[in-house]
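Residue strings, one per chain:
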Amino acid sequence: MSDAIQQEQIDQGVMETLRERDHSALAQQVNPLTCNHNDIVELLARYMALSEQDDDELFDDWFDNLTKEQHTVLKVFEVYRGQYEHQN
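What you see is a predicted model, and the numbers here were worked out from it, not measured in a lab.

**Student:** Whenever I open this one, the packing of aromatic side chains confuses me. Can you help?
**Tutor:** Per the stated rule, a full pass over the model turns up five aromatic pairs. Put simply, the rings of Tyr47, Phe59, Trp62, Phe63 and Phe77 touch in pairs and so form one group of aromatic residues.

Laid out in structure tokens, this is it:
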């Protein structure tokens, strides 16, 4: 499967989850992860700091080297953030 098709499927899954506003499926993805609270806080802090900088290459290099678990945490974070930003 090409990367573009796979990314499109991921994007569609995120949008469906945003519309549902049901966090149970997301919790099932995050709860069994082996990372601890500090790992998650550090990941989100780096993500926010790097995404606010103008150096796309630095962000891309960092993002490309994340583990599958870290990508899962960021995906869930973005879904939650999107839901809270679009409430009301």
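**Student:** Could you clarify how one ought to interpret the environment of His71 in this entry?
**Tutor:** Along the chain, His71 falls in helix H5 (residues 68-85). Residue classification places His71 among the partly exposed positions, given a relative accessible area of 27%. Separated by 28 residues in the primary sequence, His71 and Leu43 have C-alpha atoms spaced 9.8 Å apart. Setting aside residues up to four positions removed in sequence, His71 forms contacts with Phe63 and Leu66.

**Student:** Explanation requested: the packing of helix H3 (residues 37-51) against helix H4 (residues 56-64) in the structure shown.
**Tutor:** In a pair of packed helices, the angle between the axes and the distance between the axes together describe the arrangement. Two elements in contact, H3 and H4, have axes whose closest approach is 9 Å; the angle formed by their N-to-C orientations is 155 degrees. Considering their axes alone, H3 and H4 lie roughly antiparallel with respect to each other. Like other packed secondary-structure pairs, H3 and H4 cross with a definite hand, here left-handed. Across the interface between the two elements, Leu43, Arg46, Tyr47, Leu50 and Ser51 from H3 touch Leu58, Phe59 and Trp62 from H4. Residue classes in the contact of H3 with H4 are distributed as six nonpolar, one polar and one charged.

Conventions we followed
- Residues numbered from 1 in each chain as written.
- Predicted model: local features only at pLDDT ≥ 70, side-chain atom pairs only at ≥ 80, totals over all residues.
- Heavy atoms only, no water.
- Phe/Tyr/Trp six-rings, centres within 6.5 Å; stacked < 30°, edge-to-face > 60°.
- Helix = DSSP H or I, 4+ residues; strand = E, 2+ residues; numbered from the N terminus.
- Buried < 20%, exposed > 50% of the residue type's maximum accessible area, 1.4 Å probe, protein only.
- Contact = heavy atoms within 4.5 Å.
- Axes fitted to C-alpha atoms, helices over the stretch in contact; angles between N-to-C directions.
- Parallel < 35°, antiparallel > 145°, perpendicular 65-115°, else oblique.
- Left-handed = near helix turned anticlockwise from the far one by under 90°.
- Nonpolar A, V, L, I, M, F, W, Y, C, P; charged D, E, K, R; others polar.

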